[in-house]
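This is what each chain is made of:
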Amino acid sequence: MIRETQMDKTLNRHSSHFGERLVVRPPASAAELAGLEAMVGPLPRELTILLSTCDGLRVEAEGFDAELHLWHVHEMEHAMCNPPGPAIAAGLVPIRGDILGACDYIVAAAGPASGAVIRWDAWTPGTSVIASTLGEYLESWTDFLIAHYDGNGRRLRDVVP
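Residues numbered from 1 in each chain as written. Predicted model: local features only at pLDDT ≥ 70, side-chain atom pairs only at ≥ 80, totals over all residues. Heavy atoms only, no water.

Student: Give a detailed account of the overall build of the protein, specifying residues and quantitative values.
Tutor: When helices and strands are counted, the protein shows 5 helices and 7 strands. Each helix and strand of the protein, ordered N terminal to C terminal, gives the series α-β-α-α-β-β-α-β-β-β-β-α. At 15 Å, the protein has a C-alpha radius of gyration in line with the 15 Å of a compact globule built from 161 residues. Counting only C-alpha atoms and orienting by the principal axes, one finds that the protein spans roughly 45 × 40 × 25 Å. Residue burial in the protein is summarised as follows: out of 161 residues, 40% are buried. Of the contacts made within the protein by residues no fewer than 6 positions apart, 53% connect residues no fewer than 24 positions apart. Counting every atom, the protein has about 8,800 Å² of accessible surface; 56% of that belongs to carbon and sulfur. Both charge centroids of the protein, one from 12 positive and one from 21 negative side chains, sit 4 Å from each other. (Helix = DSSP H or I, 4+ residues; strand = E, 2+ residues; numbered from the N terminus. Rg over C-alpha atoms; globule rule 2.2 N^0.38 Å. Buried < 20%, exposed > 50% of the residue type's maximum accessible area, 1.4 Å probe, protein only. Contact = heavy atoms within 4.5 Å. Areas by Shrake-Rupley, 256 points an atom, 1.4 Å probe, with all protein chains shown as cover. Lys, Arg positive; Asp, Glu negative; His and termini not counted. Charge placed at Lys NZ, Arg CZ, Asp CG, Glu CD.)

Shown next, in the form of structure tokens:
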């Protein structure tokens, strides 16, 4: 029996809420995944599944809003090679962020935090664990977007930015 993956659920929920405003990139190639692995080492399984399903996605909306965008492989690599602040710690792969430096990273390094998603701002001390797995992160991110944005990608009025 084929079971729906977390990524399928995420894409289906985004698609049913945002419709044509959802832009899903084609899957990353084997060469692109190998290039990312050459930079950070073995990728967590859930990240490989995500990038093999779609290499980034975004919701089209007026103006720029980093909350509406999961990065593709080349954006991840660019952020690692050209960070907005101090260098990104080894073993972290940025998956979403803003131009000021606050980013969400999946921990690729081996150890007890491997596969967890953290939020780190290069300009402030400390990090926060925001999800124990990428699947949990995607589910929470999807819940947030649907609760805070209408189907046209506009922020709902009762939400304070």
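Student: Got a sec to walk through the side chain of Thr 142? Specific residues and values, please.
Tutor: Assignment of secondary structure puts Thr 142 in helix 5 (residues 134-148). One polar contact links the side chain of Thr 142 to the main-chain carbonyl oxygen of Leu 138, over a distance of 2.7 Å. Not counting residues up to four positions away in its chain, the partners in contact with Thr 142 are Thr 10, Arg 13 and His 14. (Polar contact = N/O pair within 3.5 Å; in protein donor to acceptor, adjacent residues only side chain to side chain.)

Student: Requested: an account of helix 4 (residues 73-81), with residues and values cited.
Tutor: Of all the residues in helix 4, the buried ones are Val 73, Met 76, Glu 77, Ala 79 and Met 80. One side of helix 4 carries all its buried residues, which in axial view fall inside an arc of 160 degrees. Its buried side turned inward, helix 4 meets helix 2 (30-40), helix 3 (45-53) and strand 4 (92-97). (Arc of directions from axis to C-beta.)

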